[in-house]
Amino acid sequence: MAHGSMMMDPICLVENHKSQLTVNPQALKILDNISQPVVVVAIAGLYRTGKSYLMNRLAGQNHGFHLGSTVQSKTKGIWMWCVPHPSKPNHTLVLLDTEGLGDVEKGDSNNDSWIFALAVLLSSMFIYNSMSTINHQALEQLHYVTELSKLIKTKSSASSGKIDDSAEFVSFFPDFVWVVRDFTLQLKLNGCPITEDQYLENALKLIPGNNPQIKKSNMPRECIRKFFPRRKCFVFDRPTNDKELLFHIEEASEDQLDWNFQVQSKNFCSYVFENAGTKTLREEITVTGHGFGILVVAFMEAINNGTVPCMENAVTSLAKRENSAAVQEAAQHYSELMTQRVKFPTDTLQELLDLHAACEREALAVFMKLSFKDDEQEFQKKLVKTIEEKKGDFMLQNKEASSKYCQAQLQQLAKPLMEKISRGAFSVPRGHNLYLEEMKKVEQSYKLVPRKGVKANEVLQRFLQSQAATQESILQADRALTVTEKNMAAERAKNVAAEKELELQRQKQKEQQEEMEAQEKSFKENIDQLKKKMERENETLLREHQKMLEHKLKFQEEMLMEGFKKRSEEMNEEINQLKEEIERTRNNSPSIFSKILEGACCVLLSVLPWVPKKFGALKTILG
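What you see is a predicted model, and the numbers here were worked out from it, not measured in a lab.

Moving on to the overall build of the protein chain. When its secondary structure is counted, the protein chain shows 22 helices and 12 strands. Against the 2.2 N^0.38 benchmark of 25 Å for 623 residues, the protein chain shows a C-alpha radius of gyration of 37 Å, more extended than a compact globule. Of the contacts formed within the protein chain by residues at least 6 apart in sequence, a portion of 74% connects residues at least 24 apart. Element-wise, carbon and sulfur atoms account for 50% of the exposed surface of the protein chain, whose accessible area totals about 31,200 Å². Looking at charge distribution, the protein chain has the averaged site of its 82 positive side-chain charges lying 4 Å from that of its 84 negative ones.

Below you can see the structure in the form of structure tokens.
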């Protein structure tokens, strides 16, 4: 994406018109042109609490997202602003400003829940903006977080056992930042100074008791702690005490703002820039701009179809697009490398095939890095087929270059011979021997020409065949030779021609063998890189599960320490199921790998037809 186009104005990404949420096609076009990884920061909170102003500061601008100075909500739907990331090179910062929650003029309050859920699903850092203090009322207003388990699915099929699907939210939910605006309290607890983070964690502690009201009050606290393992809090003073200036805060210069607010704002922005990570999905799948657009469409289609957005389905939709792009990029990389490295004609076919193998290896590494969820090796097969076709084109170019070069060289070397034939220089007694001597000089000189390429022998053979009639004519016209000598000379010429033809056939057989071995190398390289990719993905999955387990164990311990023994014990089933999943992943990996590789072998053999001639059984290949 060009630098100029990255400095676009904010645009509505998800429109909210008459309680109907729709994706803005123009916003998708912008995202489709962003090939860089994206860092997505979303903000949500009650309407008229200054969310847009805070997001403008993240963009380094006073103007951008619309601000309002009345009691009416200004932002509708979800607005997007794509800017160059200030501290991560080659990354785009995507800021999402959401419609204010709890707007009294809103017709359908369900849209609040969907917008909140979308902001969580789409972001790598989720900012919740509230006013004054984190108290009972503020937490009640954050009831949307308790609805996420009804509005988001992790997997397309229901999980086995009693464990709720939301148990895996922690594996892909964003960082959670609570921003408290116009904060006037002292950061103290029991008379001791505390940090902003301690203030948040203390507010999120569960209230003892079993009555329905307390349970309801505890739900948002518990959900935030369960779903968002990384939490941060910032408190802001009022930007200014000048009421008139507040009405037009976007016009205020920095020196007109309260000093504490300036410091707090800079600290907040620095934290976001340094800690908001690249948007990733489960198993550390990196999301680019156009990938982000696919996610938006997938989630919105689910909502508008009356179903629940599912992360697994969204990843599947994204994989199809990204894997197709990965094939194109890898194939293009192969072509560029070959074009840079090959010099036609190559001295031998093997030289070209060695270049091909090196370039294919690098291209395949590009594909393996960019692709994901190619479970049936559909896209790897497309890449192999494409590279085979491109290899065929390079081989054809090599043959044509060799043929053209050899013909030109031979024509130049044979020029004196042709001139003598034209002058009748061999129409004399013993002329046939003179002709053979001249032809031998041509062949010897031709043999010394460097880098003639794969068509060298064939071009020479065709030249000799074209001269056969001339040689026969000179032989029969040579009066110094007897009939017997002529017959013997003709037989020798016939034997030499047959031997050269046999030599040409041996060369073709050798080259065919080299092509077969090249496909064998290609096959092995594909299987080897696929196996290494699966091992890396398995390690990533184990790390992800381990992080989930650590978070759940920490939460369980906290529940116990805070006096919620029953709630702590209820976590056991969830924790044990995750431990079993980790154990299965460790123990079953070899057999799963074997099955996948066996399937991959069958897929790749369909586009590498010569390989089966070398390998009789898949066990040999996998070994």
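Having seen the structure, we can now continue with the description.
What follows is about the packing of aromatic side chains. All chains considered together, the criterion is met by 21 aromatic pairs. Geometrically, the ring pair formed by F234 and F268 is edge-to-face, given 5.5 Å between the ring centres and 85° between the ring planes. Of this pair, F234 sits in strand β10 (residues 231-235) while F268 sits in helix α10 (residues 259-275), placing them 34 residues apart in sequence. Judged by its relative accessible area of 0%, F268 falls in the buried class. The side chain of K452 reaches across the aromatic face of Y446, ending 5.3 Å from its centre.

What follows concerns the packing of helix α8 (residues 212-227) against helix α19 (residues 483-561). Where α8 meets α19, the axes come as close as 10 Å, and the angle between the chain directions of the two elements is 145°. Contacts between α8 and α19 involve E222, R225 and K226 on the former and, on the latter, H551, F555, E558 and M559. Along the lines of polarity and charge, the residues of the contact of α8 with α19 split into 2 nonpolar, 1 polar and 4 charged.

Turning next to the sheet that holds strand β6 (residues 125-131). Taking strand neighbours across the sheet as the criterion, the 8 strands line up as β2-β1-β4-β5-β3-β6-β7-β10 in an open arrangement whose pairing is mixed. The open sheet terminates on both sides in strands that have one partner only, identified here as β2 (20-23) and β10. Each strand axis lies, on average, 20° off the axis of its neighbour in the sheet, ignoring direction. Here 7 bridges tie strand β4 (residues 78-84) to strand β5 (residues 92-98), and the two strands are oriented antiparallel to one another. Following the sheet pairing, C82 is matched in β5 by V94.

Structurally, E99 can be placed in the loop between β5 and α4 (110-122). On the accessibility criterion, E99 (1% relative accessible area) is buried. At 2.9 Å, the side chain of E99 and the side chain of N16 are in polar contact. From its side chain, E99 meets the backbone nitrogen of G77 in a polar contact 2.6 Å long.

To continue, consider the confidence of the model for the protein chain. Across the protein chain, the average pLDDT comes to 88, with 91% of residues at 70 or higher. Predicted confidence in the protein chain is weakest over helix α1 (residues 3-6), with a mean pLDDT of 40, and strongest over helix α13 (residues 349-370), with 97. Note on residues 1-6: pLDDT under 50 across the span, and 11 contacts to partners over four residues away in sequence or across chains. The low-confidence segment residues 68-74 (pLDDT under 50) makes 15 contacts with residues lying over four places distant or belonging to another chain.

Before going further, it helps to examine unusual backbone geometry. A cis amide bond links F344 with the next residue in sequence, P345, at an omega value of -10°. Inspection of the secondary structure assignment puts P345 in the loop between α12 (311-341) and α13. A positive phi angle, near 65°, is found at E283, a position not held by glycine. Counting through the fold element by element, E283 comes out in the loop between β11 (280-281) and β12 (285-286). Overall, E283 belongs to the partly exposed group, its relative accessible area being 24%.

Here we come to helix α11 (residues 289-304). Over its 16 residues, α11 extends 23 Å from the first C-alpha to the last, a length consistent with the 22 Å expected when each residue adds 1.5 Å. With 13 of 16 residues buried, α11 is to be regarded as a mostly interior element. A positive phi of about 80° marks G306, the residue just after α11.

This part takes up the side chain of S130. Counting through the fold element by element, S130 comes out in strand β6. Among the polar contacts listed, one links the side chain of S130 to the side chain of W178, at a separation of 2.7 Å.

Ranked by size, the top nonpolar core spans 102 residues in total, and within it F116, W178, F268 and F292 carry the most contacts. When residues of this core are assigned to their parent elements, the largest contribution, 9 residues, is made by α4. Here F116 is in contact with A44, L101, F126, Y128, L142, Y144, V145 and L148, once residues within four sequence places are set aside. Core analysis: the second largest hydrophobic core is formed by 39 residues, V454, I527, L597 and V611 among them.

Moving on, we come to the state of the cysteines. Within the structure shown, the criterion is met by 0 disulfides. Just so you know, C269 is unpaired, no disulfide at all, and the nearest cysteine sulfur is the one on C233, 16 Å from it.

All chains considered together, the criterion is met by 30 salt bridges. When the shortest N-O distance is used, the salt bridge between D175 and R230 registers 3.6 Å. Separated by 55 residues along the polypeptide, D175 in strand β7 (residues 175-181) and R230 in the loop between α8 and β10 bring together distant segments of the chain. The exposure class assigned to D175 is buried, which follows from its relative accessible area of 13%. Assessed through its relative accessible area of 46%, R230 is described here as partly exposed. The partner of R225 in a salt bridge is E558, and the shortest N-O contact between them spans 3.0 Å. Residue R225 is located in helix α8, and its partner E558 is located in helix α19; the two are separated by 333 residues in the primary sequence. Connected via shared salt-bridge partners are K155, E168, R282 and E544.

Cut-offs and rules
Residues numbered from 1 in each chain as written. Predicted model: local features only at pLDDT ≥ 70, side-chain atom pairs only at ≥ 80, totals over all residues. Heavy atoms only, no water. Helix = DSSP H or I, 4+ residues; strand = E, 2+ residues; numbered from the N terminus. Rg over C-alpha atoms; globule rule 2.2 N^0.38 Å. Contact = heavy atoms within 4.5 Å. Areas by Shrake-Rupley, 256 points an atom, 1.4 Å probe, with all protein chains shown as cover. Lys, Arg positive; Asp, Glu negative; His and termini not counted. Charge placed at Lys NZ, Arg CZ, Asp CG, Glu CD. Phe/Tyr/Trp six-rings, centres within 6.5 Å; stacked < 30°, edge-to-face > 60°. Buried < 20%, exposed > 50% of the residue type's maximum accessible area, 1.4 Å probe, protein only. Lys NZ or Arg CZ within 6 Å of the ring centre and 35° of its normal. Axes fitted to C-alpha atoms, helices over the stretch in contact; angles between N-to-C directions. Nonpolar A, V, L, I, M, F, W, Y, C, P; charged D, E, K, R; others polar. Pairing = 2+ DSSP bridges. Polar contact = N/O pair within 3.5 Å; in protein donor to acceptor, adjacent residues only side chain to side chain. pLDDT = per-residue confidence, 0-100. Expected span 1.5 Å × (residues − 1). Core = buried A, V, L, I, M, F, W, Y, C linked by side-chain atoms within 4.5 Å. Disulfide = S-S within 2.5 Å. Salt bridge = Lys/Arg side-chain N within 4 Å of Asp/Glu carboxyl O.

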